[in-house]
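Observations on the three-dimensional arrangement
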Amino acid sequence: MTISPPGSQRGLRELNARRVLDAVAARGPLSQAEVARVTRLSPATVSNIVRELVRGRELTVTDGVSGGRRARLLTADGGGSPVVGIDFGREHLRLAVGDRGRRVRAERAVPLTLGHRPADSLALALDLLPGLFDDAGIAAGEVRAVGMGLPGPIAAGTRSVGPGTILPEWVGVDAGALVAARLGVPVLVDNDANLGALAEITWGPAIGARDLAYLKISTGIGCGLVMGGRVYRGAAGTAGEIGHCTIDEDGAVCRCGNRGCLETVASTPVVLRLLSAAYGPDLTIDDVLRMAADGDIGCRRVIEDVGRHLGTAVANLCNILNPPLVVLGGRLVEAGEVLLDPLRDAVRRRAIRSAAESMTIVASTLGARGQVLGALSLALTGISAFET
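Residues numbered from 1 in each chain as written. Predicted model: local features only at pLDDT ≥ 70, side-chain atom pairs only at ≥ 80, totals over all residues. Heavy atoms only, no water.

What counts is decided by this rule: UniProt positions are given in the numbering used here, feature names are shortened, and annotations may be inferred rather than shown by experiment.
Looking at an unreviewed UniProt entry, the protein chain carries the name ROK family transcriptional regulator, with the source organism given as Pengzhenrongella frigida. Here is the UniProt Sequence similarities (unreviewed entry) comment for the protein chain, exactly as written: "Belongs to the ROK (NagC/XylR) family."

**Concerning the sheet that holds strand 8 (residues 212–217)**
The test is simple: The rule for pairing is simple: two strands pair if DSSP sees at least two bridges between them. Numbering of helices and strands runs from the N terminus; a helix is a DSSP stretch of H or I covering at least four residues, while a strand is a stretch of E covering at least two. Lines fitted to the C-alpha atoms define the axes, with helices restricted to the stretch that makes contact. Angles between their N-to-C directions range from 0 to 180 degrees. Contacts are assigned to residue pairs with any non-hydrogen atoms lying within 4.5 Å of each other.
Taken in spatial order, the five strands of this open sheet run 10-9-8-11-12, and their pairing is mixed. Each edge of the open sheet is held by one strand with a lone partner, namely strand 10 (230–232) and strand 12 (360–363). If you compare each strand with its neighbour and ignore which way they point, the axes differ by 25° on average. Sheet topology places strand 9 (residues 221–227) next to strand 10; three bridges connect them, and they run antiparallel. Note on strand 10: the bridge partner recorded for L225 is Y232. Sheet strands touched by helix 6 (residues 192–202): strand 8, strand 9, strand 10 and strand 11 (325–329). Its angle to strand 9, the strand with the most contacts, is close to 45°. Running over the sheet, helix 10 (residues 337–350) touches strand 11 and strand 12 and is turned about 160° from strand 12.

**Focus on the domain arrangement of the protein chain**
Basically, it comes down to this: Domain delimitation follows an automatic or database domain assignment. A simple way to read buried area is as the amount of 1.4 Å-probe accessible surface that goes missing from two parts once joined, with both sides added. One speaks of a salt bridge when a side-chain nitrogen belonging to Lys or Arg is within 4 Å of a carboxyl oxygen belonging to Asp or Glu. Pairing of N or O atoms within 3.5 Å defines a polar contact, subject to two protein rules: one partner must be a possible hydrogen donor and the other a possible acceptor, and residues neighboring in sequence count only if both atoms are side-chain atoms. Basically, the charged four are Asp, Glu, Lys and Arg, the nonpolar ten are Ala, Val, Leu, Ile, Met, Phe, Trp, Tyr, Cys and Pro, and anything else, Gly included, counts as polar.
Looking at the assigned domains, one finds that the protein chain contains domain 1 (9–76), domain 2 (82–197 + 369–387) and domain 3 (207–365). Using only C-alpha atoms to locate each centre, domain 1 and domain 3 end up separated by 37 Å. Across the boundary between the two partners, domain 1 contributes seven residues, which contact five residues of domain 3. Here domain 1 and domain 3 share an interface that buries about 470 Å² over both sides, 46% of which is from carbon and sulfur atoms. The interface formed by domain 1 and domain 3 includes one salt bridge. At the surface where domain 1 touches domain 3, the tally comes to one residue pair in polar contact (both at pLDDT 80 or more). Taken together, the residues of the side of domain 1 that touches domain 3 break down into four nonpolar, one polar and two charged.

**Some details on the nonpolar core**
A general tendency of soluble globular proteins is for nonpolar side chains to be buried together. We count it as follows: Only buried residues count toward a nonpolar core, which is a set of Ala, Val, Leu, Ile, Met, Phe, Trp, Tyr and Cys residues joined through side-chain atoms within 4.5 Å. In this scheme, a residue with accessible area under 20% of its type's maximum is buried, one over 50% is exposed, and one in between is partly exposed, where area comes from a 1.4 Å probe on protein chains only.
Membership of the largest hydrophobic core comes to 42 residues, with the highest contact counts inside it found for L215, L310 and L328. Going through the elements one at a time, strand 8, strand 9, helix 7 (268–279), helix 8 (285–293), helix 9 (297–321), strand 11, helix 10 and helix 11 (353–357) are the ones with two or more residues in this core. In terms of residue count, the dominant contributor to this core is helix 9 (ten residues). Excluding residues within four positions of it along the chain, L215 makes contact with G222, C223, I242, V314, L317, V326, V327, L328 and G329. Formed by 33 residues, the second largest nonpolar core is a distinct cluster that contains F88, L128, W170 and A180.

Okay, here's the thing in structure tokens:
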């Protein structure tokens, strides 16, 4: 887009058009009413701008949901402003390149060893990026921002990993600063549950949803909260640490130092520990999921118990926040209804009836890609802030 001299009528139109594009790219999909609210432009001005941007194929109109009602939503269709998403897990690294048009141009996933060191893992990610850029058909200099996900609380006002992460080697590490120094672009860092929530409202079936809770149920248990279309992080950046809510005050000591946290009764390490005595020390979560699907009584029993514990936590969440939608992601969700049936039953038993009846609980359809897609979305949300 060529920018006209500031102060001219054409320059004002182009500035407003850019505001609309940036709003949709950063927070989309949005309805025209939401665009007007975000940009503080009049509905008539937004309507005229949208008409031109759709005609120029910079915005696309799709059917979706806004405020609980069906609506025509706007998404950015331009292929410019490439961004990078990086997702570090306990045993994996995923990278992706996307753009403002919400297109994933290239992806790659590689395994990591348990207890991987930050310097080694960050170096691996940076070494893999040139090949990813080639696959995406872009040059490194075109990248505008990077979004990065880590499985643990990210301290507010910094990009450092706080205590309580399943990657203790990363505590206190400012991974964002290290990547920014190498790539020379802004880097935003958030925990993996928040990125899962962001992915759901940007890429998943919940696209356009304004309020939801996303639970990632894996080695740890995290919760990403979306309120009014934005991820809610809390005063210290630790909102959503549902894995450390007390389920049994006399229970096992958790890695956070408390007793009886949800993670001590409903995470993948717990499942393996409960079953290893009967099934052997080499048992994997893949084995458990496969045997549960085949009807193995022991595996199904343990997963059902996990579902009930999770349902208690979701019921508390339901009573406190009353979200209309809860999306479940992570490895254990692959157990399907073996996990979901007892979870929903526990919610029905423990949540306020009206709150439970107004809430839908579904499994994510994004699978293992959810967090890296959320990292792309995080990078896109930062472009407008970086350019102002």
